[in-house]
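# Topology and contacts: notes
These are the residues of each chain, in order.
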Amino acid sequence: MRKIHVIGIGAGDPDQLTLQAVRALRGTDVFFLLDKGEVKNDLVQLRRDLLDTHVPEGTYRVVEARDPDRDRSAGGAAYSPAVGDWRSARAGIYERLITEELGESETGAFLVWGDPALYDSTLGILDEIRARGAVDFTHDVVPGVSSVSALVARHRTGLNRVARPVQITTGRRLAEGFPEGVDDVVVMLDAHQTFRQYADQDIDIYWGAYIGTPDEILDSGPIAEAAPRIERLRAEARERKGWIMDTYLLRRHPRE
């Protein structure tokens, strides 16, 4: 039976791969890579560099496909259906790749940025493919170093404080309000710099973009002071590269 590895490859640094991930890479016959277009071509190249670093040449093959476009203008009630449509389109591509490019006794792999369990669609897409019943396969999951863990490591801090919870959320949800009962909030997928609406509060921010790659940018400090710097750094980086991936931790000071 066909087998699929879903391998967390860390935030970008080839040294962040676990030994388990390296073993899975070396046991893979076919790697499936999705091309997100010329602007983000370096994301595909980073994956190829990772394979060059950790897997003997000539022991595998790479199959690329174009990632379907997603309607990023959809908001409000239209957001979840738009994401669902995009995931179903991806499922169709993945199903074709597994059916046509992977032999019945071979092992394929999807290389997932960070950790497959944290804000990634691959596991849900594979469940959708299996539910369709057109192709049969088994799959396993190799955890990876997430951008969240890499972020706090680079800032030499922790995710939570003693006896206090931490919450991971999105910029879209943060815009609805700071989570109740939580003072440490990690924010991902924030295209609108939502941290700015909290610049008048007693909060520290630990921010990073392109974490784990040669383009990594870090900044931190009281949000009132750091927000203008981060806005400038973010704008300059986006202009230079054409895209940006960033993550940040907001740490609210205890109220007296």
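You'll find the structure just up there.
These remarks concern the structure in this document. (Residues numbered from 1 in each chain as written. Predicted model: local features only at pLDDT ≥ 70, side-chain atom pairs only at ≥ 80, totals over all residues. Heavy atoms only, no water.)

### Let's talk about the sheet that holds strand β6 (residues 166-170)
- Taking strand neighbours across the sheet as the criterion, the 5 strands line up as β6-β7-β10-β8-β9 in an open arrangement whose pairing is mixed. At either end of the open sheet lies a strand with only one pairing partner, and these are β6 and β9 (217-222). The average angle at which neighbouring strand axes cross in this sheet is 15 degrees, direction not considered.
- Pairing of β6 with strand β7 (residues 184-188) involves 5 bridges; the strand directions are parallel. Looking at the pairing, T170 lines up with M188 of β7.
- The strands touched by helix α5 (residues 147-154) within the sheet are β7, β8 (203-209), β9 and β10 (246-252), with β10 carrying the most contacts at an inclination of about 60 degrees. (Pairing = 2+ DSSP bridges. Helix = DSSP H or I, 4+ residues; strand = E, 2+ residues; numbered from the N terminus. Axes fitted to C-alpha atoms, helices over the stretch in contact; angles between N-to-C directions. Contact = heavy atoms within 4.5 Å.)

### What about the nonpolar core?
- Judged by nonpolar contacts, the single largest core of 23 residues is most densely connected at F195, I205, I223, Y248 and L250.
- Only β7, β8, α7 (223-241) and β10 provide two or more residues apiece to this core.
- Here this core gets 5 residues from one element, more than from any other, and that element is α7.
- Those residues in contact with I223, other than ones at most four positions away along the chain, are F195, Y198, A199, Q201, I203, D204, I205, P228 and L250.
- Counting residues in hydrophobic clusters, the runner-up holds 20 residues, among them I4, V30, F32 and A65. (Core = buried A, V, L, I, M, F, W, Y, C linked by side-chain atoms within 4.5 Å. Buried < 20%, exposed > 50% of the residue type's maximum accessible area, 1.4 Å probe, protein only.)

### Looking at the pattern of salt bridges
- Under the criterion given, the structure shown has 18 salt bridges.
- Where R48 meets E64, a salt bridge forms, and the shortest distance between an N and an O atom there is 2.6 Å. Taken as a pair, R48 in helix α2 (residues 41-54) and E64 in strand β3 (residues 61-66) lie far apart in primary sequence, 16 residues in all.
- Of the charged contacts, one joins R132 and E128 as a salt bridge, the two residues approaching to 3.1 Å between their closest N and O atoms. (Salt bridge = Lys/Arg side-chain N within 4 Å of Asp/Glu carboxyl O.)

### Side note on the sheet that holds β3
- Spatial ordering of the open sheet is given by β3-β2-β4-β1-β5, a layout of 5 strands whose pairing is parallel. Strands at the two margins of the open sheet, each flanked by one partner only, are β3 and β5 (137-142). On average, each strand axis in the sheet is tilted by 25 degrees relative to the strand beside it, whichever way the strands run.
- Relative to β3, strand β2 (residues 30-35) runs parallel, the two being bridged by 6 bridges.

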